[in-house]
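Structural overview
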Amino acid sequence: MDPSLDMWDLSSSLISLWINRFYIYMGLAFGISLWICVQIVIKKQDRNSQEKSVPKTTLDLMTNGYVSLEKKEIFVSGVKIFYGSQTGTAKGFATILAEAVTSLDLPVAIINLKEYDPDDHLVEEVTSKNVCIFLVATYTDGRPTESAEWFCKWLEEASSDFRFGKTYLKGMRYAVFGLGNSAYASYFNKVGKNVDKWLWMLGAHRVMTRGEGDCDVGRSKHGSIEADFRVWKTKFIYQLQALCKGGKKKSCGGNCKKGKCESNQHGSEETEPRPHTPDELHPRDTEEEEPCESSSEEEFGTEDRQGLNSVVDVEDLGKIMDRVKKEKKEKEQQEEKTSLFRNTGKNEDGERRAMITPALREALTKQGYQLIGSHSGVKLCRWTKSMLRGRGGCYKHTFYGIESHRCMETTPSLACANKCVFCWRHHTNPVGTEWRWKMDQPEMILKEAIENHQNMIKQFKGVPGVQAGRFEEGMAVKHCALSLVGEPIMYPEINRFLKLLHHCKISSFLVTNAQFPMEIRNLKPVTQLYVSVDASTKDSLKKIDRPLFKDFWQRFLDSLKALAAKQQRTVYRLTLVKAWNVDELQAYAQLVSLGNPDFIEVKGVTYCGESSASSLTMANVPWHEEVVRFVRELAELIPDYEIACEHEHSNCLLIAHKKFKVDGEWWTWIDYSRFQELVQEYEDSGGSKTFGAKDYMSKTPHWALFGASERGFDPKDTRYQRKNRSKDISGC
């Protein structure tokens with residue numbers, strides 16, 4: 001073949017391809033497009049088959065045909081626990097909650113509100129993904145504790161300041177647990193409610209129903225403030241776990257039926273919880289809600305919700321209204337039943353709760369109390385110990401002839417109606433305005449009180465300095481000081497208890513805080529009845545005694561009037577607190593004329609050491625010379641009285657009515673044997689044969705009189721003063 005012809009054929013083929021190149025391009029483009037479409041269809045079919053067989057969590061990891069590493073989203077970065085505490089309870093709860101949160105492997109920070117500046121740091125919680133917990137206590141008159149005072153003030157002002165606005169804390173998540181005492185009804189958990197309200201007003205999101213702890217064991221929903229906190233803590237941890245998993249659970253709005261909350265079935269559309277107005281912020285008489293989503297639809301049942309979402313026939317409106325009324329009536333009856341159990345201090349089984357909770361039992365036991373039954377206690381007075389060793393007796397020994405080593409200090413009621421600033425028990429005892437606890441019988445209380453007292457006396461056998469004769473005498477109780485702690489007159493069977501004491505030939509010295517005038521009027525004869533007169537004006541009494549009753553001043557005055565009607569020995573007991581109640585002499589004189597007591601004891605306050613429950617310091621303790629000056633000035637204003645006795649060692653003086661000064665000699669001591677005879681005659685006569693204070697008086701020894709060189713110290717004993725001694729705050 002001719003080579004030139006072969007070259008020509010090749011050239012013509014190339015020229016033909018060049019001339020038809022556009023058709024070739026179009027064919028290639030079509031083929032590539034067809035291939036891409038086929039691949040897309042294949043991949044889509046593969047993906048659909050995977051969705052049917054592979055779990056959703058695995059599908060989230062599939063991207064473009066290969067598995068990538070999971071990038072975990074963080075929903076909760078940590079928990080911050082803020083606390084405002086006065087006595088340390090809220091701080092203790094913060095520690096307990098922190099331990100529970102730590103078990104979820106979450107970072108936890110415990111912050112004292114006293115050391116926290118909300119102006120600089122609170123807004124940071126909007127974007128921090130933290131959950132903020134506020135454990136806040138309510139203090140005197142509904143005010144926050146000292147440590148939380150600035151935080152609450154700033155929060156209140158910010159919530160009403162237009163410059164902050166309603167979205168200032170939007171994005172912040174929080175929960176509140178309040179600590180309070182329902183005995184102060186008008187102030188119960190006021191701080192917790194306010195903090196909850198103010199945070200919500202600033203746009204913060206509540207993730208958990210506010211908890212309300214109640215120190216009043218009779219009204220506490222779960223029996224004690226510790227139990228209230230445990231229940232709330234458990235629910236919070238459950239809610240926190242849901243938040244950590246990215247759940248959208250919110251606190252229930254409170255309108256769905258217990259156990260039948262179906263708000264998580266409303267559909268995929270999320271709804272914000274219904275805002276709580278200040279007046280309806282979780283009333284304490286309703287059941288605490290389970291954490292769940294909420295919406296305004298929960299106000300209605302399922303059938304009602306369907307009816308409202310469709311056209312309702314006019315004829316059906318009556319049925320709907322009847323059903324709504326019926327449900328409302330059932331709810332009110334349930335709430336009334338629940339409220340009744342709370343107000344009477346009963347559980348749902350109808351049994352009254354014990355006054356002494358496990359936490360209270362532990363605290364009082366550490367202080368040396370021997371607890372009796374569910375509401376009583378006994379403790380060995382330091383003057384009992386002192387007189388066993390021949391080192392002198394208490395001021396009652398000097399003023400009235402009590403044998404201190406034979407005196408039992410006890411109480412049938414640990415509860416009190418006041419929270420005095422100078423309380424030597426540091427407010428570890430419960431408070432209340434009425435008896436609503438389980439009640440023990442007086443026979444059991446007296447029997448165990450004597451046994452416990454004797455057991456404590458036995459511990460001094462063989463102790464260096466203890467006199468054998470006094471040790472033997474100390475085993476036989478002769479006097480009972482019902483002044484240990486609390487308000488013994490609250491005990492419903494106080495008259496039976498007193499009768500049992502007198503049958504055992506034990507004298508009775510009962511102290512009351514002048515808040516129960518009716519009980520004073522109904523009280524049977526006692527050896528000596530005391531009323532604490534801690535202040536002479538309404539304002540100072542409220543400041544010092546911090547009473548629970550709203551009508552505390554009228555109750556105080558009525559108690560003094562009731563005291564004036566008593567025929568047996570009566571005493572005003574004044575405790576002087578420097579810079580608090582020492583400048584009200586004229587007012588004190590007026591109160592003396594109101595109650596006409598037989599005696600007036602004036603004692604300088606005893607400093608019981610630093611306490612978060614009180615602001616008293618050593619500066620508030622008057623010197624003995626200052627007490628003497630006060631007593632002299634007071635005696636000048638009450639002409640029927642004179643200074644009779646002094647006990648310098650207790651910083652105490654006695655003003656006595658002049659009727660006890662016979663032929664120039666004082667008869668302030670008590671003839672205890674004669675009293676027992678008189679009270680027995682009174683009982684035998686059914687109360688018709690009465691007797692008076694002068695019928696069992698006894699002559700006062702010279703060494704006990706005011707102005708004597710002994711200054712009230714019995715010369716039979718040896719005065720002993722220890723240096724650098726640890727303070728013993730027990731005593732009557």
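The model shown is predicted, which means the values in this text are computed figures rather than measured ones. The residue count restarts for each chain, going from 1 along the sequence in the order it is written. Per-residue local features of the predicted model are confined to residues with pLDDT of at least 70, and side-chain atom pairs are confined, for both listing and counting, to 80 or more; whole-chain, interface and lining totals are unaffected and use all residues. In computing side-chain values, all of the structure's heavy atoms are included and hydrogens and water are not.

Considering the packing of aromatic side chains
Here a Phe, Tyr or Trp ring, Trp counted by its six-membered ring, pairs with any other such ring whose centre lies within 6.5 Å, and the pair is stacked when the planes are under 30 degrees apart, edge-to-face when over 60, and tilted otherwise. Per the counting criterion, the structure on display carries 26 aromatic pairs. When the ring of Phe 164 is compared with that of Tyr 168, the centres are 4.8 Å apart and the planes differ by 90°; the resulting orientation is edge-to-face. Exposure categories follow from relative accessible area, calculated using a 1.4 Å probe and restricted to protein chains: below 20% of the type maximum is buried, above 50% is exposed, and the middle band is partly exposed. By relative accessible area, Phe 164 is classed as partly exposed at 22%. Between the aromatic rings of Trp 669 and Trp 703, the centroid separation amounts to 6.2 Å while the plane-to-plane angle is 80°, which identifies the pairing as edge-to-face. In this pair, Trp 669 sits in strand β21 (residues 669-670) while Trp 703 sits in the segment after β22 (697-698), placing the two residues 34 residues apart along the sequence. By definition, any uninterrupted DSSP run of H or I lasting at least four residues is a helix, any uninterrupted run of E lasting at least two residues is a strand, and each is numbered from the N terminus.

Considerations on the nonpolar core
Formed by 86 residues in total, the largest nonpolar core has its most connected members in Val 533, Phe 556, Leu 574, Ile 600 and Val 602. Residue contributions to this core peak at 7 residues, all from helix α19 (residues 552-564). Once residues within four sequence positions are removed from consideration, Ile 600 is found in contact with Tyr 572, Leu 574, Val 592, Ile 638, Tyr 641, Leu 653, Leu 654 and Ile 655. What we call a nonpolar core is a set of buried Ala, Val, Leu, Ile, Met, Phe, Trp, Tyr and Cys residues that are connected through their side-chain atoms within 4.5 Å. Judged by nonpolar contacts, the second largest core, of 29 residues, contains Val 511, Cys 645, Phe 675 and Leu 705. We call two residues in contact whenever any of their non-hydrogen atoms come within 4.5 Å of each other.

Let's talk about unusual backbone geometry
Notably, Asp 105 is not glycine yet its phi reads approximately 60°, a positive angle. Backbone geometry at Asp 663 places phi at a positive 55°, although glycine is not the residue there. Relative to the helices and strands, Asp 663 resides in the loop between β19 (661-662) and β20 (665-666).

Section: a nonpolar patch on the surface
Patch membership requires more than 30% relative accessible area and the absence of a salt bridge. Residues of like charge join within 9 Å; the nonpolar side chains Val, Leu, Ile, Met, Phe, Trp and Tyr join within 5 Å. In these tables, accessible area is a Shrake-Rupley quantity obtained with a 1.4 Å probe, and a residue counts as shielded only by the protein chains included in the view. By convention in these notes, a salt bridge is any Lys or Arg side-chain nitrogen within 4 Å of a carboxyl oxygen on Asp or Glu. A cluster of nonpolar side chains, namely Leu 14, Leu 17, Phe 22, Ile 24, Tyr 25 and Leu 28, defines an oily patch on the protein surface of about 630 Å² accessible area. Looking at the nonpolar patch, the elements that each hand over two or more residues are α1 (3-19) and α2 (21-53). No other element matches the 4 residues that α2 contributes to the nonpolar patch. Examined against the element boundaries, Leu 14 turns out to sit in helix α1. With relative accessibility at 51%, the residue Leu 14 sits in the exposed group.

What about the UniProt feature "transmembrane region" (unreviewed entry) in the protein?
UniProt positions are given in the numbering used here, feature names are shortened, and annotations may be inferred rather than shown by experiment. Mapped onto this structure's residue numbering, the UniProt feature "transmembrane region" (unreviewed entry) falls at residues 22-42. Segment residues 22-42 splits into 100% helix and 0% strand. End C-alpha atoms: 30 Å apart.

Some points on the sheet that holds strand β12 (residues 479-482)
Any two strands between which DSSP finds at least two bridges are classified as paired. With mixed pairing, the 10 strands of this open sheet are ordered in space as β9-β10-β11-β12-β13-β14-β15-β16-β18-β17. The open sheet terminates on both sides in strands that have one partner only, identified here as β9 (370-372) and β17 (641-647). Across the sheet, the mean angle separating the axes of adjacent strands is 25° when strand polarity is ignored. Here, axes are lines fitted to C-alpha atoms. For helices the fit covers the stretch in contact, and angles between N-to-C directions go from 0 to 180 degrees. Here helix α14 (residues 442-458) sits on the sheet in contact with β9, β10 (376-379) and β11 (407-411), set at roughly 165° to β9.

Comments concerning the side chain of Glu 646
Mapping Glu 646 onto the fold places it in strand β17. Reaching out from Glu 646, the side chain makes a polar contact with the side chain of His 624 at a distance of 2.6 Å. There is a polar contact of 2.8 Å between the side chain of Glu 646 and the side chain of Arg 711. Ignoring sequence-local partners within four residues, the contact set of Glu 646 consists of Thr 398, Phe 399, His 624, Val 628, Cys 652, Leu 653, Ala 704, Leu 705, Phe 706, Gly 707, Arg 711 and Gly 712. Here a polar contact is taken to be a pair of N or O atoms separated by no more than 3.5 Å, where protein atoms must pair a possible hydrogen donor with a possible acceptor and residues adjacent in sequence count only if both atoms sit in side chains.

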